[in-house]
Amino acid sequence: MAWTKYQLFLAGLMLTTGSINTLSAKWADMFNAKGCQEEPERPFSHPFLQAVGMFLGEFCCLAAFYILICHDKRRPEPRVNRGQSFNPFLFLPPAMCDMTATSIMYVALNMTSASSFQMLRGAVIIFTGLLSVAFLGRRLAPNQWIGIFITILGLVIVGLADFISGNKDSSRKLSDVITGDLLIIMAQIIVSVQMVLEEKFVYTHDVHPLRAVGTEGFFGFFVLSLLLIPMYFIPVGNFANNPRHVLEDALDAFCQIGHQPLILLALLGNTVSIAFFNFAGISVTKEISATTRMVLDSLRTLVIWVVSLALGWEHFHGLQVLGFLVLLVGTALYNGLHRPLLARIPCCARFANEDEGGSGERERLLNDGRVQTGDNS
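Residues numbered from 1 in each chain as written. Predicted model: local features only at pLDDT ≥ 70, side-chain atom pairs only at ≥ 80, totals over all residues. Heavy atoms only, no water.

Just checking my understanding: could you explain the overall build of the protein for this structure?
Tallying secondary structure elements over the protein gives 15 helices and 2 strands in all. Looking at the protein residue by residue over its 377 residues, the buried ones come to 53%. (Helix = DSSP H or I, 4+ residues; strand = E, 2+ residues; numbered from the N terminus. Buried < 20%, exposed > 50% of the residue type's maximum accessible area, 1.4 Å probe, protein only.)

In structure tokens form, the structure reads like this:
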């Protein structure tokens with residue numbers, strides 16, 4: 001069936017805003033500006049402040065939910081399912097996981113390329129699959145196990161491409177590239193814990209997806225904003241690229257923004273894009289399908305890679321293409337995207353039906369308003 005204009009708009013909005021989300025964060029990292037002291041220009045390196053901006057974007061989804069409810073009340077017959085009443089603190093544990101993982105990933109984005117950052121986030125299906133078996137008692141289908149092993153192979157190839165390019169690229173230290181890649185993968189373990197917590201404790205309640213995302217954004221925004229205060233006094237040595245060598249120097253960030261206003265544009269792009277990305281993702285799942293949402297999220301990685309190459313932010317590497325394709329196959333198998341193809345082949349139709357049972361997990365996880373491959377972010 002052909003897509004309507006509205007469905008095409010939603011798909012384009014999701015693909016565009018999802019790509020802008022990562023690209024704008026990387027763009028902010030690439031600026032050089034003076035800080036609060038009279039000193040030479042240096043890179044803008046404030047990952048925790050960037051994470052606060054991202055949670056502000058998620059928090060905006062809560063405002064969008066209430067606007068939607070107010071608009072729905074004016075109709076003769078309300079259509080929006082507001083969901084049941086629930087304890088908002090149910091979202092606190094997954095929000096803290098989201099906050100920790102997002103902060104780690106923004107630290108890593110300072111160290112590695114935008115395309116590798118996006119590709120390596122595909123590791124989340126490995127840890128989500130394993131934790132869902134251990135803590136949710138779920139049985140993974142054979143195609144999901146095969147998808148996990150193929151994804152591991154893809155991660156090795158992308159990591160190898162980064163290792164080789166890191167040796168050739170004088171602008172980045174090889175140790176930073178490797179550390180960044182490892183931090184991204186480590187963050188996916190925390191993201192998978194977040195998904196399992198949401199599956200076990202949150203999805204038993206009927207909560208509107210925009211409300212769920214907004215509530216987690218509320219906790220993430222206010223907790224991380226408060227944590228910026230002690231971070232201002234915690235010394236971390238050369239790990240931090242700010243004059244005082246503390247975990248996060250928010251005042252220095254604002255001074256750099258004052259000297260280079262385009263940084264503010266990049267940060268606003270990150271905040272606004274995550275809000276629209278969540279809205280578009282939820283709408284795509286509702287209006288088209290969760291499978292389409294998965295495909296669009298995979299295409300987002302390709303868009304980020306192509307734009308990064310076009311802007312000269314990174315160099316072409318054949319191994320990275322191979323790694324992306326392998327990751328794509330692994331993700332497709334894990335999410336059951338092969339079933340429609342098998343169903344068209346008479347002799348393979350029964351295999352498609354056998355794989356049906358274990359793949360509902362991903363579609364339920366998609367309904368939380370984010371695609372975790374997957375960024376927060």
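There's plenty left to go through after this.
It is not clear to me how the state of the cysteines should be interpreted in this structure. Could you clarify?
Two cysteines, two sulfur atoms, one covalent bond between them: this is a disulfide. This model, assessed by the stated rule, comprises 1 disulfide. Each disulfide pairs two cysteine sulfurs, and for cysteine 36 the partner residue is cysteine 255, the sulfurs being separated by 2.0 Å. One quick way to see it: the torsion about the S-S bond of cysteine 36 and cysteine 255 is about 90°, and its sign makes the bridge right-handed. Here cysteine 36 is found in the loop between strand 1 (32-33) and strand 2 (42-43), whereas its partner cysteine 255 is found in helix 9 (residues 250-259), with 219 residues between them in sequence. (Disulfide = S-S within 2.5 Å.)

What exactly am I supposed to notice about the packing of aromatic side chains here?
Note on aromatic pairs: each is described by the distance of the centres and the angle between the planes. Taken as a whole, this structure holds 11 aromatic pairs when the rule is applied. Ring centres of tryptophan 27 and phenylalanine 31 lie 5.1 Å apart, and the angle between their planes is 50°; on these two criteria the pair is classed as tilted. Taking relative accessible area as the criterion, tryptophan 27 reaches 30% and is therefore assigned partly exposed. Put simply, the rings of Phe59, Phe89, Phe218, Phe219, Phe221 and Phe222 touch in pairs and so form one group of aromatic residues. If you follow arginine 244 out to its NZ or CZ, it ends over the ring of tyrosine 232, 4.0 Å from the centre. (Phe/Tyr/Trp six-rings, centres within 6.5 Å; stacked < 30°, edge-to-face > 60°. Lys NZ or Arg CZ within 6 Å of the ring centre and 35° of its normal.)

Before we go on, may I ask you to explain helix 5 (residues 124-135) in this structure?
Since the α-helix packs 3.6 residues into each turn, any two residues three or four apart lie on the same face. Between its first and last C-alpha atoms helix 5 spans 16 Å; for 12 residues at 1.5 Å apiece the expected length is 16 Å, and the two agree. Along helix 5, the residues classified as buried are Val124, Ile125, Ile126, Thr128, Gly129, Leu131 and Ser132. Phi for glycine 137, located one or two positions after helix 5, is positive at around 70°. (Expected span 1.5 Å × (residues − 1).)

Would you explain the pattern of salt bridges in this entry?
When their charged atoms lie close together, side chains carrying opposite charge are able to pair. All told, the structure shown has 4 salt bridges when counted by the stated rule. Ionic pairing is found between arginine 300 and aspartate 297, a salt bridge with its closest N-O pair at 2.8 Å. A residue pair is termed a helical-turn pair when its members lie 3 or 4 positions apart in one helix, as arginine 300 and aspartate 297 do in helix 11 (residues 290-310) at 3 residues. Just as arginine 300 is buried, aspartate 297 falls in that class too. (Salt bridge = Lys/Arg side-chain N within 4 Å of Asp/Glu carboxyl O.)

Help me understand the side chain of glutamate 314 in this model?
By secondary structure assignment, the location of glutamate 314 is in the loop between helix 11 and helix 12 (318-334). The class for glutamate 314 is buried, based on a relative accessible area of 9%. A polar side-chain atom of glutamate 314 sits 2.5 Å from a polar atom in the side chain of serine 115. In contact with glutamate 314, other than residues within four places in its own chain, are Ser113, Ala114, Ser115, Trp305, Ser308, Leu309 and Gln320. (Polar contact = N/O pair within 3.5 Å; in protein donor to acceptor, adjacent residues only side chain to side chain. Contact = heavy atoms within 4.5 Å.)

Explain the side chain of histidine 46 here, please?
Tracing the chain through its elements places histidine 46 in the loop between strand 2 and helix 2 (47-73). In terms of polar contacts, histidine 46 uses its side chain to reach the backbone carbonyl oxygen of aspartate 249, at 3.4 Å. Setting aside chain neighbours within four positions, we find histidine 46 in contact with Glu248, Asp249, Asp252, Ala253 and Gln256.

What's the story with the nonpolar core in this structure? I'm lost.
Burial of nonpolar side chains together is a common tendency in soluble globular proteins. Counting residues in hydrophobic clusters, the biggest one holds 58 residues, and the most contacted among them are Phe44, Leu224 and Ile263. When near neighbours in sequence (up to four residues on either side) are disregarded, phenylalanine 44 contacts Ala28, Asp29, Phe31, Gln50, Asn110, Ala253, Gln256, Ile257, Ile263 and Leu267. (Core = buried A, V, L, I, M, F, W, Y, C linked by side-chain atoms within 4.5 Å.)

Whenever I open this one, the packing of helix 2 against helix 10 (residues 262-287) confuses me. Can you help?
Relative orientation and spacing of two packed helices are given, respectively, by the angle between their axes and the distance between those axes. Two elements in contact, helix 2 and helix 10, have axes whose closest approach is 8 Å; the angle formed by their N-to-C orientations is 35°. Helix-helix and strand crossings are classified by hand; for helix 2 and helix 10 the assignment is right-handed. Along the contact surface, helix 2 presents Gln50, Gly53, Met54, Leu56, Gly57, Glu58, Cys60 and Cys61, while helix 10 presents Leu267, Asn270, Thr271, Ile274, Ala275 and Asn278. The residue makeup of the contact of helix 2 with helix 10, split by class, is 7 nonpolar, 6 polar and 1 charged. (Axes fitted to C-alpha atoms, helices over the stretch in contact; angles between N-to-C directions. Left-handed = near helix turned anticlockwise from the far one by under 90°. Nonpolar A, V, L, I, M, F, W, Y, C, P; charged D, E, K, R; others polar.)

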